[in-house]
Amino acid sequence: MNENNQIPHNQKLVKEIKAKMVNYNTITDLSDFFKIVGDSTRLQILIALEYGELCVSDLSYLTNMTISAISHQLKSLRNAKLVKIRKDGKIVYYSLDDDHINKLLTVSLEHITEKK
């Protein structure tokens with residue numbers, strides 16, 4: 001029984017699910033991840049980076065935002081390990097951190113566009 005002294009209707013299934021559920025700290029991390037991705041500016045940057053690595057000025061042009069605003073958002077994306085950098089002389093190029101990010105964006109966009 002839980003704090004509310006309630007017994008689940010389907011005890012077997014509830015027990016199986018409980019054994020598979022991730023811990024609360026992981027849920028919190030996932031929630032934070034969705035907060036970062038949920039910002040429209042950051043999402044726009046991530047979608048642009050699906051097509052290849054870009055520098056801040058490229059992203060500024062594509063999003064019609066200032067370099068300062070893009071840099072600020074890229075810092076958040078880097079801290080969340082959603083983008084990585086590559087330096088070529090004085091120019092810093094950004095790309096998606098790994099293929100998981102690309103898959104997440106692709107599946108999410110498919111879900112949204114099929115609803116229209």
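The structure reproduced in this document is the subject of the present report. (Residues numbered from 1 in each chain as written. Predicted model: local features only at pLDDT ≥ 70, side-chain atom pairs only at ≥ 80, totals over all residues. Heavy atoms only, no water.)

## Things to note about the nonpolar core
Here comes step 1: One finds Leu46, Leu49, Leu59, Leu74 and Leu77 to be the most contacted residues of the largest nonpolar core, which totals 18 residues.
Here comes step 2: Per-element tally for this core: the top contributor is helix H3 (residues 40-49), with four residues. (Core = buried A, V, L, I, M, F, W, Y, C linked by side-chain atoms within 4.5 Å. Buried < 20%, exposed > 50% of the residue type's maximum accessible area, 1.4 Å probe, protein only. Helix = DSSP H or I, 4+ residues; strand = E, 2+ residues; numbered from the N terminus.)

## Examining the sheet that holds strand E2 (residues 83-88)
Here comes step 1: Spatial ordering of the open sheet is given by E1-E3-E2, a layout of three strands whose pairing is antiparallel. Looking at which strands have only one partner, the edges of the open sheet turn out to be strand E1 (54-55) and E2.
Here comes step 2: Against the sheet, H3 engages E1, E2 and strand E3 (91-96), with an angle of about 90° to E3. (Pairing = 2+ DSSP bridges. Contact = heavy atoms within 4.5 Å. Axes fitted to C-alpha atoms, helices over the stretch in contact; angles between N-to-C directions.)

## Topic: the packing of aromatic side chains
Here comes step 1: The tally for this structure, following the rule as stated, stands at one aromatic pair.
Here comes step 2: Between Phe33 and Phe34 the ring centres are 5.3 Å apart and the planes differ by 75°, which places this aromatic pair in the edge-to-face class.
Here comes step 3: Given a relative accessible area of 46%, Phe34 falls into the partly exposed group. (Phe/Tyr/Trp six-rings, centres within 6.5 Å; stacked < 30°, edge-to-face > 60°.)

## A closer look at the pattern of salt bridges
Here comes step 1: On inspection of all chains with the given rule, the structure shows three salt bridges.
Here comes step 2: Across the pair Lys35 and Asp32 runs a salt bridge whose closest N-O atoms are separated by 3.9 Å. Placement of the pair is Lys35 and Asp32 together in helix H2 (residues 24-37), with a separation of three residues, close to one helical turn.
Here comes step 3: Of the residues examined, Asp32 reaches a relative accessible area of 35% and is grouped as partly exposed.
Here comes step 4: A salt bridge links Arg86 to Glu53; the nearest nitrogen and oxygen atoms lie 2.4 Å apart. Taken together, the residues span a long stretch of sequence, with Arg86 in strand E2 and Glu53 in the loop between H3 and E1 at a distance of 33 residues.
Here comes step 5: On the basis of relative accessible area, Arg86 is assigned to the partly exposed category, the value being 37%. (Salt bridge = Lys/Arg side-chain N within 4 Å of Asp/Glu carboxyl O.)

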